[in-house]
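Below, each chain spelled out in residue letters.
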Amino acid sequence: MSTGAGPDEGDGRLWGSVDDDAALQRYRTLVGAIDDGVYQLDSEGNFVAVNDVMVEMTGYRRAELLGEHVSLILDDDDVSAIESAVSARLEGTSKGNETFELGVRTAIGEVVPCGLRVNPLADDGELRATIGVVRDRTEPKRRLDTFESPDAPPGSVTDILDEADIGVFVLDDAFEVAWADETVERYFGLDRDAIVGRDKRVLVEETVKHELEDPERFAETVLATYDDNSYIERFECQVTPGDGRDGRWLEHYSKPIESGRYAGGRIEFYYDITDRKRSESALWESREEFHSLVDAIEEYAIFRLDPDGRVISWNTGAERIKGYDREEILGEPFSVFYTPEDREAGVPERNLERATERGSIEDEGWRVRADGSQFWANVTTTPIRDSDGTHRGYLKVTRDITERRQREQRLQSELEEVFGRISDAFYAVDDEFRFTHVNDRAEELLQHPEDELLGERLWDVFPSAAEIDEVWDAFHTARETQEATSYELYYDTLGFWVEANLYPSETGISVYFRDVTERREREQYLEDAKEQLEAATEAGAVGTWEWDVAEDTFVAGASFARTFGLDPERAREGVPLERLLSSIHEDDRERVAARIDDALESCDEYEAEYRVRNADGEIRWVFARGHVECDEDGNAETFPGALTDITERKRAELEAEKQRKQLETLFRVLPVGAVVADEDGSLVRANATAKEIWGGDVFDADSVAEYEKYTAVWADSGEPVELEERTMSQVLRGEEVTEPNVYEIRTFDGERRIVMEHGMPVRDERGNVRRAVVTVTDITERREYQRKLEETIEQLETSNERLEQFAYAASHDLQEPLRMVSSYLQLIESRYGDLFDDDGEEFLQFAIDGAERMRSMIDGLLAYSRVETGGNPLEPTDLERVLDDVLDDVQFRLEESGAELTVDTLPRVNGDADQLRQVFQNLLRNAIEYSGDEPPTIRVDAERLDGKWKIAVRDEGIGIDPDDQDRVFEVFQRLHSRGEHEGMGIGLALCQRIVERHDGEIWIDSEPGEGTTVSLTLPAVDES
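Here the structure is a predicted model, which is why all the values come from computation and not from measurement.

Below, the discussion takes up the sheet that holds strand E8 (residues 233-239). With antiparallel pairing, the five strands of this open sheet are ordered in space as E7-E6-E10-E9-E8. Looking along the sheet, the strands with just one partner apiece sit at the ends: strand E7 (177-180) and E8. Strand-to-strand twist in this sheet, taken as the mean axis angle between neighbours without regard to direction, amounts to 20°. As judged from the six bridges shared by strand E6 (residues 166-171) and strand E10 (residues 266-272), these two strands associate in the antiparallel manner. The residue bridging leucine 171 from the neighbouring strand is arginine 266, located in E10. Running at roughly 150° to E8, helix H10 (residues 215-227) makes contact with E6, E8, strand E9 (248-256) and E10 of the sheet.

Structure representation (structure tokens):
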């Protein structure tokens, strides 16, 4: 077997000039560390090496694989495909390194789904060996096949999805729910047993969408996948909380099922992304605090002291804040930064002693610049020690926070002033809690003038206050104990937070209160901000370091250490740089090391963005910024810096890029036209379908005013479409065009087309329209088909109406000659009957009977033709009354035949009472006529169906052969001779015509000798 890509460049070794033994050792280490199977084949396709993963995956021992041909584990077709691809690589006709999706056959005959990538090793274009990397795809494929395989055990789906906590609907090709898991019940508050078998479209409209924050958009998006079940859909939605259901964010992912039991259907997954959304929200809310923290790091004055407190390093921030040049401050005691009062009190020395004892201290106070001016500083002092504990000096980090202090003092003064103004609300009540005094501020806050309150009981004016235990107890406690009390709460009636202080006396209570809503909101804001900042720091969002280049001692904070998987205690003492580099992702490590070398060589700033692996093996993205401090000879001494965790931002960027590519692909392959415009109306994009519809690449308008060149009239009226009526104009105004605009357009290649347009605005985070998207669908053929269909229906309706008129006229006009024939036959019988012999008498009776049957047939045909035109309007009709009238008509036949009739309670329906009377009359007469030798047994009952009633007339008569059951509904079709049973063969045909006029159905269930059941449906009356 010959597989692989083109030969490697250079000497073909991964580590360049590294000797062969070292390269081999690193190669083995790499192969042993990865989770994929790795093998090597010789030029004939026989195994010469396999790693442990391959042995475990195939189930063969290593000795059983070595020397065997690769076809031992791969199908011959897969082997041939790989050989062809490799040959093309070696010949230079293919440069891709494709992944083969195939099955690996194990020692026990199982097939493991895998992805295989191959690389050849060639010498002068001749294949020497092949390296293959195999990745097990079992888990993803098992999850999908579990749904699509008709033979999958029922428990397999539940086990997988319950463990993954994923909600799932499986729909058949009619989009009815074939299966749903328990997670769906919890997410949407559904009963799984009740929804299986239901139409998913109805379920979405009636139930599911009402559990969502944006129900109409959810329903529109999901139902669209059923209209066009050819694509993968993914979006996010928010479930609102309810009875037995938590509020949560879900990601909907669905795709068509292409094989298996539910081929043609669809599978829908719902992933719980609540935690991720909350993290995104928290990140958004804390962004300003986070930026402020980053800015603060850039404003630090960072310098070092020797053990005696003399300055030995000085950064540009220190020069800017303190005003000393590097040359003039190096070697000077750091006490020059303190005020004379602090120096006299020994504050500088005491701070160093405290830092040495405690490990690190932070203090605030006045500091002195080089020009003698003072500023308020925040100072952190940290002792620096070697790995053996030798004290090397101190790291000082100072920030000028004078403006912040001034703002805080101003804010404090303003708050005190505000509190002074709003704390003067006062009222007094007597020992019966009646108002005795109310000042102006109290009138304002209580929203009642004094004259309305004086003499009134507090609890009568504010009854809701009496229901608040804290208020009621405070007043009664103050009165009974004669001790001051207070409370603070939100009072709904007044609409603000109340702080009240109650001072009792023998005659009553004096109440001083104020609106403290602003203070409460500020306290809550500050508390939230503090929690967010603490959470960001604790999560390792920011870390600092200092690297002593000469000693190769890298000292870092706890956040930094956690990010790199270091022990915080060891990191605080210092670790070699190589230890940190080992935590950097192998694909980024060489690049980061090169940037560090560049910064060391140039004594310049350093910036890098890369991935690291923490102690849990998790990959995190970080951004590092620092600068190298060098001595006078240009030798690097120290390298301080700061680190920011940007994992979430990078993930969002990568996900956004992925979605952008997906949207780009979707834009290209959409079966409808799509046009995109900027907020100013300039057209920026149009896909191939849109260009085809409009006859070319003509979407070059720079504003809405230029849309005039796209000629369009309203399809229904032919009136020109005004600019403001264009779909794109509507969308740019912020409208969502979900009810389509239908235009007739003149394309740029001279054709006329009917198009349907929808549109949707794209908004920014502030809700402003940033772009507009309009879809264009060519419905020219559809409209033409619809027009022809409407013409055909109109022609059919006209034809049916003419046929009914003809049948009525024909049957009506035949009555007159038939009456003449019957009359003369009766005259012949009465006048000359005695003259006929037996044959003549018989012939005369035949003629009279034939005329009578002809009259009955014409009457039946006349009734049949007038079902639609001669009927009364449908209205609520009591079937029990209808049946009572029929029983009066057939009473004689019931008694004569000895029939036993049972009638269930019959409902009210929407119907024509006269026509329904004909139906029951025909059905009862048939039941009596075809009862056989025994007296008829007949039952009439009713059953409620969805929106209709089913009426059944059952007998125990001679029955009907199943092959003849459709014939009995045809006009003049008889199953028996007239000698056996009477009738014209039109009764059931007339019943069918009447039932169909009532928008119902009629059918027969019967077996010969087993009786007959005639069932029919009629519309139910809406009793509400």
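Here we take up a nonpolar patch on the surface. Together, Ile828, Tyr832, Leu835 and Phe836 make up a nonpolar patch on the protein surface, roughly 390 Å² of accessible area in all. Structurally, leucine 835 is set in the loop between helix H31 (780-832) and helix H32 (838-865).

Before going further, it helps to examine the state of the cysteines. Here the structure, examined in full by the defined rule, presents one disulfide. What pairs with cysteine 603 in a disulfide is cysteine 630, and their sulfur atoms sit 1.8 Å apart. Classification of the bridge connecting cysteine 603 and cysteine 630 rests on its S-S torsion, roughly -100°, and on that basis the disulfide is left-handed. Pair noted here: cysteine 603 is in the loop between helix H27 (586-602) and strand E23 (605-613) and cysteine 630 is in strand E25 (residues 629-630), with a separation of 27 residues, a long-range link. The partly exposed category is assigned to cysteine 603, whose relative accessible area is 28%. For cysteine 630, a relative accessible area of 15% gives the class buried.

Before going further, it helps to examine the packing of aromatic side chains. In this description, a pair of aromatic rings is defined by centroid distance and the angle of the planes. Going through the model one piece at a time under the given rule, you end up with 37 aromatic pairs. On the numbers, 5.6 Å between centres and 80° between planes, the contact of tyrosine 39 with phenylalanine 47 is edge-to-face. Judged by its relative accessible area of 2%, phenylalanine 47 is buried. Three or more aromatic residues joined by ring pairs form one cluster here, namely Trp545, Trp547, Phe554, Phe560, Phe564, Tyr606 and Phe639. Here the basic side chain of lysine 322 rests over the ring of phenylalanine 337, its NZ or CZ set 4.2 Å away from the ring centre. For arginine 520, the ring lying beneath its charged end belongs to tryptophan 497, and the centroid distance is 3.7 Å.

Before going further, it helps to examine the packing of helix H34 (residues 913-929) against helix H35 (residues 987-997). The interhelical angle for the contact between H34 and H35, taken along N-to-C directions, is 145°, at an axis separation of 9 Å. Where H34 crosses over H35, the two elements pack in a sense that is left-handed. Counting all contacts with H34, which are made through Gln915, Gln918, Val919, Asn922, Leu923 and Asn926, the residues of H35 involved are Gly987, Leu988, Leu990, Cys991, Ile994 and Arg997. Of the residues that constitute the contact of H34 with H35, the class distribution is six nonpolar, five polar and one charged.

Two strands pair when backbone bridges link them, and strand E3 (residues 100-105) and strand E4 (residues 111-123) are joined in this way by six bridges, in the antiparallel orientation. What sits directly across from phenylalanine 100, in E4, is leucine 116. Linking E3 to E4, which pair antiparallel, is a turn of five residues; within it glycine 109 sits at a positive phi near 90°. Of the strand pairs in this sheet, E4 and strand E5 (residues 126-136) are connected by ten bridges, and their pairing is antiparallel. Pairing of cysteine 114 across the sheet is with aspartate 136, part of E5.

Here we come to H10. Given a rise of 1.5 Å per residue, 13 residues ought to cover 18 Å, and the 18 Å separating the end C-alpha atoms of H10 matches this to within 8%. Residues of H10 that are buried include every one of Phe218, Ala219, Val222, Leu223, Thr225 and Tyr226, and no others. End-on view of H10: buried residues confined to an arc of 145°, all on one side of the axis. Opposite its buried face, H10 presents the exposed residues Glu216 and Asp227, each directed more than 90 degrees away. Residues of H10 that are buried sit in contact with E6, helix H9 (200-206), E8, E9 and E10.

Here the focus is the sheet that holds strand E15 (residues 391-400). Judged by pairing direction, the sheet is antiparallel, and its five strands sit side by side in the order E12-E11-E15-E14-E13 without closing on themselves. Across the chains shown, the open sheet's two edge strands, defined by having one partner strand only, are strand E12 (311-314) and strand E13 (361-368). When strand polarity is set aside, the average angle formed by the axes of neighbouring strands in this sheet is 30°. Sheet topology places E13 next to strand E14 (residues 374-385); eight bridges connect them, and they run antiparallel.

The next point concerns the nonpolar core. Ranked by size, the top nonpolar core spans 37 residues in total, and within it Leu879, Phe920, Leu923, Ile951 and Leu1016 carry the most contacts. Once residues within four sequence positions are removed from consideration, leucine 1016 is found in contact with Val919, Leu923, Trp949, Lys950, Ile951, Val995, Glu1001, Ile1002 and Trp1003.

Quick look at empty space enclosed by the protein now. One pass over the full model with this rule turns up six cavities of 30 Å³ or more. Roughly 230 Å³ of internal volume is contained in the largest cavity. If you trace the largest cavity, you find 15 residues lining it, with Trp694, Tyr710, Arg726, Met728 and Glu757 closest to the centre. Elements with a contribution of two residues or more to the lining of the largest cavity: helix H30 (727-732), strand E30 (737-746) and strand E32 (769-778). Looking at the lining of the largest cavity residue by residue, the class counts come to twelve nonpolar, one polar and two charged.

Turning our attention to unusual backbone geometry. Of note, the phi angle at phenylalanine 175 is positive, near 60°, even though the residue is not glycine. Tracing the sequence through the fold places phenylalanine 175 in the loop between E6 and E7. By relative accessible area, phenylalanine 175 is classed as buried at 8%. One non-glycine residue, phenylalanine 433, lies in the positive phi region at around 65°. Within the secondary structure layout, phenylalanine 433 lies in the loop between strand E16 (425-430) and strand E17 (435-438). For phenylalanine 433, a relative accessible area of 3% corresponds to the buried category.

Criteria and cut-off values
- Residues numbered from 1 in each chain as written.
- Predicted model: local features only at pLDDT ≥ 70, side-chain atom pairs only at ≥ 80, totals over all residues.
- Heavy atoms only, no water.
- Pairing = 2+ DSSP bridges.
- Helix = DSSP H or I, 4+ residues; strand = E, 2+ residues; numbered from the N terminus.
- Axes fitted to C-alpha atoms, helices over the stretch in contact; angles between N-to-C directions.
- Contact = heavy atoms within 4.5 Å.
- Patch = residues over 30% accessible without salt bridge, like charges linked within 9 Å, V, L, I, M, F, W, Y side chains within 5 Å.
- Areas by Shrake-Rupley, 256 points an atom, 1.4 Å probe, with all protein chains shown as cover.
- Salt bridge = Lys/Arg side-chain N within 4 Å of Asp/Glu carboxyl O.
- Disulfide = S-S within 2.5 Å.
- Buried < 20%, exposed > 50% of the residue type's maximum accessible area, 1.4 Å probe, protein only.
- Phe/Tyr/Trp six-rings, centres within 6.5 Å; stacked < 30°, edge-to-face > 60°.
- Lys NZ or Arg CZ within 6 Å of the ring centre and 35° of its normal.
- Left-handed = near helix turned anticlockwise from the far one by under 90°.
- Nonpolar A, V, L, I, M, F, W, Y, C, P; charged D, E, K, R; others polar.
- Expected span 1.5 Å × (residues − 1).
- Arc of directions from axis to C-beta.
- Core = buried A, V, L, I, M, F, W, Y, C linked by side-chain atoms within 4.5 Å.
- 1 Å grid on protein atoms, 1.4 Å probe; cavity = no way out; pocket = protein on both sides within 12 Å on 5 of 7 lines; lining within 4 Å.
- Points joined across faces, edges and corners; volume = space filled by probe spheres on them.

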